[in-house]
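Take a look at the letters that make up each chain.
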Amino acid sequence: HRLAAAMKKDRRVFTDVDEDLNDSAAEAYVDINRDTAARLGLTNAAIDQALYDGFGQRQVAIIYSGINQYHVVMQVDPRFATDPNALNRVFLPLNGAGAPSGVNTAPETMGQLPTLASWKIRGADSEVNHQNAEPAATVSFSLVGTKSLSDAQNELNKIMNGLRLPADIHGDFAGTAKAFSQSNNSTPLLVLAALMVIYFVLGILYENLIHPLTVLSTLPSAAVGAALALLVSGTQFDVIVVIGLLLLIGIVKKNAIMMIDFAISAQRTQGLSAAEAIRQAALLRFRPILMTTLAAGFGALPLALGHGDGAELRVPLGIVIIGGLIASQMISLLTTPVVYVTLANLTERRKRNRSRKLSITPVPA
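Residues numbered from 1 in each chain as written. Predicted model: local features only at pLDDT ≥ 70, side-chain atom pairs only at ≥ 80, totals over all residues. Heavy atoms only, no water.

### Points about the pairing of strand β4 (residues 69-74)
- Pairing between strand β3 (residues 58-64) and β4: six bridges, direction antiparallel. Considered in β4, the bridge of Ile62 is made with His71.
- Taken together, β3 and the strand that follows it, β4, pair antiparallel across an intervening segment of four residues. (Pairing = 2+ DSSP bridges. Helix = DSSP H or I, 4+ residues; strand = E, 2+ residues; numbered from the N terminus.)

Here it is, written out as structure tokens:
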């Protein structure tokens, strides 16, 4: 209740705050006078057994018939089961010495519950939900305006820290908030795994571990373009955006692949230098790169402009793809040749140093 009340006060982030706790039920809380109970020789267990005999469902016998058996359950008359005044009629078995008696107790040795206990009526939950075998309560909420789930999580953590809840009360996210939290934790690993797979596949394709770095150099510009598109459109970073980024990795790297394939072929067949080969590749591959980028961008345009049912899933996907493609098209055509020539020069320099070391032979004294 305290958490839900604090969230309702924070109208900057949360709205439509609701909880599933329903304290419309009532319960009778019995407070036993331990000194009086000890003087009468009654233990808490004996009093509990007497209350359970009246208001619980205790099986006291089994009746056997020819073809069936019946369990006999002792309980109080249903007319008194919901009346708190029935506690005034609860009798506890006593003997003359003040110790608990057996089953056969004389009426004059029975003590009434009001002589050693008092009770009061207080509110109680009509039902108690459980999660992982523990009592649990669910607090649901909606977001205000353009607030994201990350904003809600940060604000909720601040509220819980400020309430100073008992140590045995702990909270966790569920539903969409839990999925978002899990995606945030796994997103870096997914992106890293995708980059590693691309690197090794391209390394096998080119039979070289340097050229894949040129392909991967086009991805930062695409990520920057996707981030700017999200900021301009006011789109939240969610699971769909993560999926769009993974798709963007596969689409964007084709620009560098088209140029590098041509440059490597020109170096091997025409004997051109790295700078001349990549310049020729940039000039001849510009139109195919532009055509494939426009095709992918126009293909994602209906997603970004979509509306109706399911638009909240399609729009972020289209925005990420279009933003990444625009930035990659503008920047990668300039950066890819530079990275290619730089890495090629480093490779040639390493080869020359290695050959120089091998050409030096020791002269015997």
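### Focus on the packing of helix α8 (residues 219-233) against helix α9 (residues 239-252)
- At a closest axis distance of 10 Å, the pairing of α8 and α9 adopts a crossing angle of 145°. Helix-helix and strand crossings are classified by hand; for α8 and α9 the assignment is right-handed. Contacts between α8 and α9 involve Leu219, Ala222, Ala226 and Leu230 on the former and, on the latter, Val241, Leu245, Leu248, Ile249 and Val252.
- A per-class count over the contact of α8 with α9 returns nine nonpolar, no polar and no charged. (Axes fitted to C-alpha atoms, helices over the stretch in contact; angles between N-to-C directions. Left-handed = near helix turned anticlockwise from the far one by under 90°. Contact = heavy atoms within 4.5 Å. Nonpolar A, V, L, I, M, F, W, Y, C, P; charged D, E, K, R; others polar.)

### Some points on the packing of aromatic side chains
- By the definition in use, this model includes one aromatic pair.
- Both rings, one in Tyr199 and one in Phe200, keep their centres 5.6 Å apart while their planes meet at 75°; by these two values the pair is edge-to-face.
- Its relative accessible area of 18% is what places Tyr199 among the buried residues. (Phe/Tyr/Trp six-rings, centres within 6.5 Å; stacked < 30°, edge-to-face > 60°. Buried < 20%, exposed > 50% of the residue type's maximum accessible area, 1.4 Å probe, protein only.)

### Focus on the nonpolar core
- Of all hydrophobic cores here, the largest spans 43 residues; its most connected members are Tyr206, Val215, Leu248, Ile260 and Tyr340.
- Listed by contribution, the elements that provide at least two residues to this core are α6 (175-206), α7 (211-216), α8, α9, α10 (254-270), α11 (274-284), α12 (286-304) and α13 (311-359).
- Examining the composition of this core, we find that eleven residues originate from one element, α13, more than from any other.
- Residues in contact with Val215, not counting those within four places in the same chain, are Leu202, Tyr206, Lys253, Ala256, Ile257 and Ile260.
- Counting twelve residues, the second-largest nonpolar core is a separate cluster that includes Ala50, Leu51, Leu87 and Leu92. (Core = buried A, V, L, I, M, F, W, Y, C linked by side-chain atoms within 4.5 Å.)

### Considering the confidence of the model for the protein chain
- Per-residue pLDDT for the protein chain averages 79, and the proportion of residues at 70 or more is 86%.
- Note that residues 96-108 has pLDDT below 50 and, in this model, 18 contacts with residues that lie over four places away or in other chains. (pLDDT = per-residue confidence, 0-100.)

### As for the layout of surface pockets
- By volume, the second largest pocket is sized at about 330 Å³.
- Around the second largest pocket, the lining is made up of 17 residues, and of these His211, Gln267, Thr347, Glu348 and Lys351 lie nearest the centre.
- If you list the elements that add at least two residues to the lining of the second largest pocket, you get α7, α10 and α13.
- Looking at the lining of the second largest pocket, the element that brings in the most residues is α13, giving seven residues.
- Partitioning the lining of the second largest pocket into residue classes produces seven nonpolar, six polar and four charged. (1 Å grid on protein atoms, 1.4 Å probe; cavity = no way out; pocket = protein on both sides within 12 Å on 5 of 7 lines; lining within 4 Å. Points joined across faces, edges and corners; volume = space filled by probe spheres on them.)

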